[in-house]
Amino acid sequence: MIDFLTLLQVLDSSLRLATPLLLVCLAGLFSERAGIFDIGLEGKLLAAAFVSAAFAAITGSVWLGLLAGIFASILLSLLHGLASITLRGDQIISGVAINFLAAGLTVVIAQDLFGQGGRTPPLKSGGRFEPLNFPGATSSKEMGDAGPLMQLYSELLSGHSLLVYIALVTVPLSYFVLYKTRFGLRLRAVGENPAAVDTAGISVVGLRYSAVVIGGVLCGIAGAYIATSLQANFTKDMSAGRGFIALAALIFAKWRPWYALGACLLFGFFFAVDTRFQNILLPAWVLSGFLIFISLGLASYVWKKDYLDKVVLGGLALGVAIIALIIVTSVWQSGISSQVKIPVVFIQSLPYVLTVIVLAGFVGRAIPPKAGGRPYVKER
Amino acid sequence: MDVMPKWVDVIVVPLFSLFLAAFLSALLILAIGESPMAALKLMIEGTLFRSAGWGYMLYYTTNFIFTGLAVSVAFHAALFNIGGEGQAMIGGLGVALVCLFIPWPHWTLAIIGASIGAAIFGMIWAGLPAYLQAKRGSHIVITTIMFNFIAAGVLNFFLVDVLKPTGSMDPASANFPANTHLPTFQDLAGLIGFEKAFRSAPANVSFFIALFACVAVWYLIWRSSLGYEIRALGKSGPAARYAGVRPVKIIMITMMISGALCGMMAINTTQGESERLILNFTEGAGFIGIAVALMGRSHPLGVLLAALLFGFLYQGGAELALWTKIPRELIVVIQALVILFTGALSLMVRAPLERFFISMQRVNE
C-alpha cells in the first residue's frame, strides 16, 4: 500500500501536469463555445513556450518572456481568426497549418538564435517562475516528520509556481465570464445560433475574434508555464501533444469550465501515476474479470441492434474477450490470483480512450456547440 | 454568373499558392542569413542531379502518395481523415505480423500478403472512428486524432512487450526474413545493367503499388457507382440521402478505403526500408497527406504531382540540413504554408485571381 505522503506527492505532480492542460482546455472552451474549432491549440502552446523561453533567456526576465509568449500565441490566434472568421476557410485545416507552422518555425528560429539543435539555453533564476512557498510550510527535507495536515498544506497546496494558482483562478473566472456576464451570454449564443445574434444587431465577427484572442492569451500563459516553470528551457516539440489532450479534456468536460478542471486534474493524475509508478500490478482475476465484464456488456448492448453495430461492437467485444483469455492463459501456471503488469502505455492512452467513449455517447454523451466549425455567412 | 476557366482553378491556383509559400520561405531563409537561391540550387542538385537523390525522393513520394490519396478519398465524402498517422502505424503492425509469422517463399507473394495485412489493419483502425461518426455522430476529426494517440500506444506496447526479440534493448521487432525483402531501385537498375544507379537509396518496388493505387482511386472516384455515391454524399448530404444513398454505408466504406491506403504506406517504410517494425516509422507522413491532398485538389494525378513535390522537398531539406545551417524543420514550415494557402486561406489566394481572369474574359469578349 502507498502511504499518505506518496499519495500527496502524486497529487502534487498531478496538479503541476494538469496546469497547462487546464489553461489550454479553457482556451479551447472560449473558442469552441463561440463556434470556432481549434485544432491549433497545440501549435499555439508550442509557439508560446518557445517565444517565452527565448525572451526569458535573452532578457533574463521571466515576465517579459510571459508577455512575449502571450503575444506570439495571440498572433497565431489572429491568423486562425483571419482564416476561419474573415476568410471563412476551413477551421480544421487552418488549425493543422498552425500546428505545423509552430513545429517548424520554433526549431528553425531556435537553431538560428542559439545554435543548440532547436533548444534554448537553460534559464537562470530570474528567467524562471520559482515555486511560491506559503508561510509556515515545511521544507521537503523535514516533510517526513510533519503531521498529515501539515504535509497536505506544504506538499500539495504550497510550493507551486504562480502560474499554477493563476490557472486555478481562471476556472471560476471563465465560469463567471461565460455564464454571468452579457458578453458570455452573447459568446455562447454565437456558438449555437450566430444568425440570431446577428439579427439582434451584435457583431458575430467581433465576438468570435474576441473569443479566439482570449484563447490566445490562455495558450500563451500555458506555453510560458511549460517552458519557464515545468521545465527550465525550451526543447523541440516540448508541447508533446498537450494541446490535443486538452482538446480531449474539453470534450470530456462537455465544454463546461468546472468540468474542465475535473477532467484536466484527472488526466494530470494519469500522467503523474504514469511517471511515478513504472509497474502497476493487478491480480490477474481482477483484470480479466473486468475485461470480460466489458465484453459481456458490449455483447448484450448489440443484441438487438443493426448488422453494423453487431459487426463493429461485437468485434470489439470479441477482441476484449480474447485479451482476457490471453491474460488467463499466461498466468495459468502460477494461479489465477498472481499479479499481472499493466503496460505503461495503457495508462498513457487512457485519456484518449475515455474521450472516445464519451464522444461515442455510451456514457454521458458530449454534445458540441451547434454552430461549431461552420463559418458564418450573413444572408444577403 | 462568371466563373474562372477550369484550368485556372486546377493549375494556376495551386501554383500561385506554392509560389506564395516559396516566397515566404525564401524570406525566412534570408532572415537566418542564408541565400535562398543557393539553397534552391543545393536542393535541386542534391535531389535531381544524382540517381540516389531520385531514390530518396521517390521513397518519400511513395509514402505521400498513399497518405495523400487516403486524405483525398475521405475529402470526396466531405470527411476529414486526420488519423492517417495512426492508421499507418497500425498498418505497419499488420505488415510486421504478416512478414514475421508467415513463411513466405518469395517477395512477390510476401508483398501481396503484406499489402493485404497492412490494408486490413489500417481499415480496422479507420473503421472504428467511421462507425462512431456514422452511427453515433461523434466528430470524425476528433476521434481520428484520439485514435492517432491510441495507435501510438498500441504500437509502443507491441514493440516493447510483444515483438521485441529477447535480449534486445531497441523497441523494434526482429528483422524480417530475407524472403520478404523487397527489391530496391538499385536492385532493379542492376537487372538491366546499371549497377551504379540508385546506390543505397531506399526507394523500392512499392512505388509501383503506389502508382497503381493512384489509378485505382481515380477509377473508384470517377468511374464507379460507389465513387459517384461518395461524391454525392460529399457535395450534399440531404440530396444524396434523397437520391437513395445510404450515408452510414458510404461513410464506413470511404473511411475504410482511406484507412487501407494509409496502412499500405507501411509496406514502403517497414517492409521496403527498415525491414523490421520500428517506432516512429511514419515520420509524420499521415499529416503530410493533408498537404498533398489539398495541393493536389483531391485528384489522383494532382496527388501524384504534389507527392513528387513533397518528396523533392523532403530530400532537398535533408541536403540543406547536411550542407548549410538551415535545419530540416524548414520543410515543415513550407508544408504549413502550403496547407495554409491551399486550404485555410484559399479564399484570399483565389479571390484576386478570380477577379483577374474574369476581367480578362470580359476584355476578350
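Given the structure is predicted, the values throughout are model-derived calculations rather than measurements. (Residues numbered from 1 in each chain as written. Chains lettered and ligands numbered in written order. Predicted model: local features only at pLDDT ≥ 70, side-chain atom pairs only at ≥ 80, totals over all residues. Heavy atoms only, no water.)

1. Some thoughts on the overall build of chain B
Heads up, the condition is: Numbering of helices and strands starts at the N terminus; helices are DSSP runs of H or I of at least 4 residues and strands are runs of E of at least 2. Here the radius of gyration uses the C-alpha set of atoms, whereas the globule reference equals 2.2 Å times the residue count to the power 0.38. Residue exposure (1.4 Å probe, protein chains only): buried if accessible area is under 20% of the type maximum, exposed if over 50%, otherwise partly exposed. Residue contacts are defined here by distance: any two heavy atoms, one from each residue, within 4.5 Å place the two residues in contact. For accessible areas, the Shrake-Rupley method is used with a probe of radius 1.4 Å. Any residue's cover is judged against the shown protein chains and nothing else.
Within chain B one finds 15 helices and 0 strands. The globule rule puts the C-alpha radius of gyration for 365 residues at 21 Å, and the 21 Å found for chain B is close to it. Its C-alpha atoms give chain B principal-axis dimensions of about 75 × 55 × 40 Å. Each of the 365 residues in chain B was classed as buried or not, and the buried ones make up 56%. Taking all contacts inside chain B whose residues are at least 6 apart in sequence as the whole, residues at least 24 apart take part in 76%. Roughly 15400 Å² of accessible area belongs to chain B as shown, and the carbon and sulfur atoms make up 69% of that amount.

2. Remarks on the overall build of chain A
Applied cut-off: Charge assignment: positive for Lys and Arg, negative for Asp and Glu; neither His nor the chain ends contribute. We put the charge of a Lys on NZ, of an Arg on CZ, of an Asp on CG and of a Glu on CD.
Looking only at helices and strands, one finds 14 helices and 4 strands in chain A. A globule of 380 residues ought to have a C-alpha radius of gyration of about 21 Å, and chain A, at 23 Å, matches this closely. The buried share of chain A, reckoned over its 380 residues, is 53%. Accessible surface, chain A as shown: approximately 16900 Å² in total, 68% of it carbon and sulfur. Positive and negative charge centroids in chain A, built from 27 and 18 side chains respectively, lie 8 Å apart.

3. Some remarks on unusual backbone geometry
Phi is positive for Arg 297 of chain B, close to 55 degrees, though the residue is something other than glycine. Along the polypeptide, Arg 297 of chain B turns up in the loop between α12 (285-295) and α13 (300-323).

4. Remarks on the confidence of the model for chain B
All names here are of chain B. So the rule is basically this: You can read pLDDT as the predictor saying how much it trusts each residue, on a scale of 0 to 100.
Scored by pLDDT, chain B has a mean of 89; 99% of the residues are at 70 or more. Taking the mean pLDDT of every element in chain B, the minimum, 81, falls on helix α15 (residues 346-364) and the maximum, 95, on helix α8 (residues 206-223). On the interface metric, ipTM, the complex scores 0.88, and its pTM is 0.90.

5. Overview of the interface of chain A and chain B
To keep it simple, the criterion reads: Put simply, buried area is the surface a 1.4 Å probe can reach on two separate parts but cannot reach once they are joined, added for both. The term salt bridge refers to a pairing of a side-chain nitrogen on Lys or Arg with a carboxyl oxygen on Asp or Glu at a separation within 4 Å. In protein, a polar contact means a hydrogen-donor-capable atom and an acceptor-capable atom, both N or O and within 3.5 Å, with residues adjacent in sequence counting only if both atoms are side-chain atoms; elsewhere, any N or O pair within 3.5 Å suffices.
Between chain A and chain B, the residue contacts involve 48 residues of the former and 46 residues of the latter. Each partner contributes to the roughly 4000 Å² buried at the junction of chain A and chain B, and carbon and sulfur atoms together form 80% of this total. Of all residues in chain A, Ile 93, Phe 100 and Val 108 of chain A bury the most surface against chain B, accounting for 16% of the area lost on that side. Remark: the boundary between chain A and chain B carries 4 salt bridges. The partner of Lys 325 of chain B in a salt bridge is Asp 112 of chain A, and the shortest N-O contact between them spans 4.0 Å. In this structure, the connection of chain A to chain B is made through 7 residue pairs in polar contact (both at pLDDT 80 or more).

6. Thoughts on the pattern of salt bridges
Within this structure, the stated rule accounts for 11 salt bridges over all chains. Note that Asp 309 of chain A is salt-bridged to Lys 135 of chain B, the shortest N-O span being 3.3 Å. With one member in each of two chains, Asp 309 of chain A in helix α13 (residues 307-330) and Lys 135 of chain B in helix α5 (residues 107-136) form a pair that bridges those chains. Judged by its relative accessible area of 28%, Lys 135 of chain B falls in the partly exposed class. Residues Arg 50 of chain B and Glu 319 of chain B are paired through a salt bridge, measuring 2.9 Å at the closest nitrogen-oxygen approach.

7. Digging into empty space enclosed by the protein
Residue and element names in this part refer to chain A. Applicable threshold: With a 1 Å grid laid over protein atoms only, a set of points is called a cavity when a 1.4 Å probe fits there but cannot get out and a pocket when it is open yet has protein on both sides within 12 Å along at least five of seven lines; lining residues have an atom within 4 Å of a point. Grid points are joined across faces, edges and corners, and a volume is the space filled by probe spheres set on the points. Put simply, Ala, Val, Leu, Ile, Met, Phe, Trp, Tyr, Cys and Pro go in the nonpolar bin, Asp, Glu, Lys and Arg in the charged bin, and everything else, Gly too, in the polar bin.
Enumeration according to the criterion identifies 1 cavity of 30 Å³ or more in this entry. As a volume, the largest cavity reaches approximately 30 Å³. For the largest cavity, the full set of lining residues is Asp 274, Phe 277, Gln 278, Ile 280, Ile 342, Pro 343, Val 344 and Ile 347. Among the residues making up the lining of the largest cavity, the classes are represented as 6 nonpolar, 1 polar and 1 charged.

8. Focus: α12 of chain B
Residue and element names in this part refer to chain B. With 10 of its 11 residues buried, α12 lies for the most part within the structure. Those residues of α12 lying buried are Ala 285, Gly 286, Ile 288, Gly 289, Ile 290, Ala 291, Val 292, Ala 293, Leu 294 and Met 295. Just past α12, the residue Arg 297 takes up positive phi, approximately 55 degrees.

9. Here's the deal with the environment of Tyr 225 of chain A
Residue and element names in this part refer to chain A. You can see Tyr 225 is positioned in helix α9 (residues 204-230). Look at Tyr 225 and you get buried, because its relative accessible area is 1%. When the C-alpha atoms of Tyr 225 and Arg 276 are compared, they prove to be 21 Å apart, with 51 residues separating the residues in sequence. From its side chain, Tyr 225 meets the backbone oxygen of Arg 16 in a polar contact 3.1 Å long.

10. Some points on the side chain of Thr 144 of chain B
All names here are of chain B. For Thr 144, the position within the fold is in helix α6 (residues 140-162). Exposure remark for Thr 144: the relative accessible area of 1% places this residue in the buried category. Among the polar contacts listed, one links the side chain of Thr 144 to the backbone oxygen of Ile 140, at a separation of 2.6 Å.

11. Some remarks on the packing of helix α2 (residues 41-59) of chain A against helix α10 (residues 242-252) of chain A
In helix packing, the relevant descriptors are the interaxial angle and the interaxial distance, both defined with respect to the helix axes. Residues and elements named next belong to chain A. To keep things clear, this is the line we draw: Axis definition: a line fitted to C-alpha atoms, over the contacting stretch in the case of helices. Angles run 0 to 180 degrees between N-to-C directions. Roughly parallel refers to an angle under 35 degrees, roughly antiparallel to one over 145, roughly perpendicular to one between 65 and 115, and oblique to any angle outside these ranges. For any pair of crossing helices, the crossing counts as left-handed if the nearer helix is rotated counterclockwise from the farther one by less than a right angle, and right-handed if it is rotated clockwise.
It is the contact of α2 with α10, at a shortest axis distance of 7 Å, that shows an interaxial angle of 135 degrees. By the angle between their directions, the pair α2 and α10 is classed as oblique. Where α2 crosses over α10, the two elements pack in a sense that is right-handed. Seen from α2, the contacting residues are Leu 41, Glu 42 and Leu 45; seen from α10, they are Arg 242, Gly 243, Phe 244 and Leu 247. The residue makeup of the contact of α2 with α10, split by class, is 4 nonpolar, 1 polar and 2 charged.

12. Describing the packing of aromatic side chains
Quick reminder of the rule: For Phe, Tyr and Trp, where Trp contributes only its six-membered ring, two rings pair if their centres lie within 6.5 Å, and the inter-plane angle classes them as stacked under 30 degrees, edge-to-face over 60, or tilted in between. When the NZ atom of lysine or the CZ atom of arginine is within 6 Å of a ring's centre and also within 35 degrees of its normal, the charge is said to sit over that ring.
Tallied over the full model, the rule gives 21 aromatic pairs over all chains. Measuring from centroid to centroid gives 5.8 Å for Phe 244 of chain A and Phe 149 of chain B, while their planes differ by 50 degrees, and the two rings are tilted. Linking Phe 244 of chain A in helix α10 with Phe 149 of chain B in helix α6, this pair reaches from one chain into another. Phe 149 of chain B gets classed as partly exposed once you look at its relative accessible area, which sits at 23%. Taken together, a centroid distance of 5.8 Å and an interplanar angle of 65 degrees make the contact between Phe 207 of chain B and Phe 208 of chain B edge-to-face. Cluster of aromatic residues (ring-pair linked, three or more members): Tyr 59, Tyr 60, Phe 64 and Tyr 314 of chain B. In this structure, Arg 256 of chain A packs its charged tip against the face of Tyr 259 of chain A, placed 5.7 Å from the ring centre.

13. Some remarks on the environment of Arg 16 of chain A
Residues and elements named next belong to chain A. Among the secondary structure elements, Arg 16 is positioned in helix α1 (residues 4-33). The exposure class assigned to Arg 16 is partly exposed, which follows from its relative accessible area of 33%. The sequence separation of Arg 16 and Phe 269 amounts to 253 residues, and the corresponding C-alpha distance is 9.6 Å. Setting aside residues no more than four positions away along its own chain, Arg 16 makes contact with His 160, Tyr 225 and Leu 230.

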